[in-house]
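Report on the structure
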Amino acid sequence: MKARTRPTPKPDARAKLLDAAFALIRQQGYAATTVDDLCRAAGVTKGAFFHHFASKDALAVAAADCWTETTSAFFAAAAYHDHADPLDRVLGYVDFRLSILQGELSDFTCLVGTMVQEAYATKPDIGAACGASIGGHIDVLTQDIQAARAKHAAAGDWTARSLARHMQAVIQGAFILAKAGGGAEAAAECLHHLRRYIALLFKQRLPKESQTQ
């Protein structure tokens, strides 16, 4: 007998607007994205928009929070966490980032990185939500870097948190270079250099294929 399944519930207007924000803001930026654009892309009325969000800024904060939740789950499920050696987990994070540089720019660039560049000085609530999202990646990486440093006795005048911040700076900078005309290839080049740098910090021998990229 075929098992009965519940029908998949249709997304409500709020979810549709958040999805639209994910797509449009990464495509054209926060300032250029209007409430009308968001409603049109989501297929909802302006009345529905203002039922769920007091303003475009309020939607942006909610989108940043939703992005954090969604991407945290996405990265938490990645296979690089299965490595026993914490250094392999750190390098695996970079490899995973490389593997998802696929499709159009708006498919792989960062929503919160895009918004914070426009809103950091004028929209403190948006800036804080974006900062918390990027900070979550820093927190997780810091734990693995600290464990890797203890295991491999890596020396140097640096901290686990400073390296985690540097990793995020390179990743966000890679997205900017991609948007400036370099595409996924430019972003990948930055991440390959980041991987080499981390390996050198821990005095790891680089595989031949990494040395030629």
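In what follows, the accompanying structure is described. (Residues numbered from 1 in each chain as written. Predicted model: local features only at pLDDT ≥ 70, side-chain atom pairs only at ≥ 80, totals over all residues. Heavy atoms only, no water.)

1. Concerning the overall build of the protein
For the protein, the helix and strand inventory stands at ten helices and zero strands. Tracing the protein from N to C terminus, the helices and strands come up as α-α-α-α-α-α-α-α-α-α. Taken along its principal axes, the extent of the C-alpha atoms in the protein is 60 × 60 × 30 Å. When the 213 residues of the protein are sorted by exposure, 46% land in the buried category. A separation of at least 24 residues holds for 64% of the contacts in the protein among residues at least 6 apart in sequence. On the protein, roughly 11,900 Å² of surface is accessible, and the fraction owed to carbon and sulfur atoms is 55%. With 23 positive and 21 negative side-chain charges, the protein shows a separation of 3 Å between the mean positions of the two kinds. (Helix = DSSP H or I, 4+ residues; strand = E, 2+ residues; numbered from the N terminus. Buried < 20%, exposed > 50% of the residue type's maximum accessible area, 1.4 Å probe, protein only. Contact = heavy atoms within 4.5 Å. Areas by Shrake-Rupley, 256 points an atom, 1.4 Å probe, with all protein chains shown as cover. Lys, Arg positive; Asp, Glu negative; His and termini not counted. Charge placed at Lys NZ, Arg CZ, Asp CG, Glu CD.)

2. Considering the nonpolar core
M115, I145, M167, I198 and F202 are the most contacted members of the largest nonpolar core, which totals 67 residues. Secondary-structure elements contributing two or more residues to this core are helix 1 (13-28), helix 2 (35-42), helix 3 (46-52), helix 4 (56-76), helix 5 (86-99), helix 7 (111-119), helix 8 (124-152) and helix 9 (160-201). Take this core: its biggest share by element is 16 residues, from helix 9. (Core = buried A, V, L, I, M, F, W, Y, C linked by side-chain atoms within 4.5 Å.)

3. Digging into the packing of aromatic side chains
What the rule picks out here adds up to eleven aromatic pairs. Aromatic pair Y80 and F96: ring centres 5.8 Å apart, planes at 45°, arrangement tilted. Residue Y80 is found in the loop between helix 4 and helix 5, and its partner F96 is found in helix 5; the two are separated by 16 residues along the sequence. Its relative accessible area of 8% is what places Y80 among the buried residues. Classification of F96 as buried rests on a relative accessible area of 18%. Plain terms: the ring middles of W158 and F202 are 5.8 Å apart, the flat faces sit at 70° to each other, and that makes the pair edge-to-face. On the criterion of sequence distance, the pair formed by W158 in the loop between helix 8 and helix 9 and F202 in the loop between helix 9 and helix 10 (208-211) is long-range, its members being 44 residues apart. The two residues W158 and F202 agree in class, both being buried. Put simply, the rings of F74, F75, Y80, Y93 and F96 pair up and form one aromatic cluster. Against the face of Y30 rests K56, its NZ or CZ located 4.1 Å from the ring centre. (Phe/Tyr/Trp six-rings, centres within 6.5 Å; stacked < 30°, edge-to-face > 60°. Lys NZ or Arg CZ within 6 Å of the ring centre and 35° of its normal.)

4. Here's the deal with the packing of helix 7 against helix 8
The geometry of helix 7 relative to helix 8 is characterised by a closest axis approach of 9 Å and an angle of 145° between their N-to-C directions. Crossing of helix 7 against helix 8: the hand is left-handed. Residue-level inspection shows V112, M115, V116 and A119 of helix 7 in contact with helix 8, the latter providing P124, I126, G127, C130, S133 and I134. Among the residues making up the contact of helix 7 with helix 8, the classes are represented as eight nonpolar, two polar and no charged. (Axes fitted to C-alpha atoms, helices over the stretch in contact; angles between N-to-C directions. Left-handed = near helix turned anticlockwise from the far one by under 90°. Nonpolar A, V, L, I, M, F, W, Y, C, P; charged D, E, K, R; others polar.)

5. Observations concerning the side chain of Q172
Take Q172: it is sitting in helix 9. The class for Q172 is buried, based on a relative accessible area of 13%. Apart from residues no more than four positions distant in its own chain, Q172 is found in contact with C110, G113 and I134.

6. Points about the side chain of T33
Locating T33 in the fold gives a position in the loop between helix 1 and helix 2. At 3.2 Å, the side chain of T33 forms a polar contact with the side chain of Q28. With residues up to four places along the chain from it excluded, the contact list for T33 reads L24, I25, Q28, L38 and K56. (Polar contact = N/O pair within 3.5 Å; in protein donor to acceptor, adjacent residues only side chain to side chain.)

7. Details of helix 1
End to end, helix 1 covers 22 Å across 16 residues, agreeing with the expected 22 Å (1.5 Å per residue, within 8%). Buried within helix 1 we find A13, L17, L18, A20, A21, F22, L24, I25 and R26. Turning to helix 1, the residues buried within the fold contact helix 2, helix 3, helix 4, helix 6 (105-108) and helix 7. Immediately beyond the C-terminal end of helix 1, within one or two residues, lies G29, with a positive phi of roughly 90°. (Expected span 1.5 Å × (residues − 1).)

Fair warning: the whole summary comes from geometry, so function is off the table for now.
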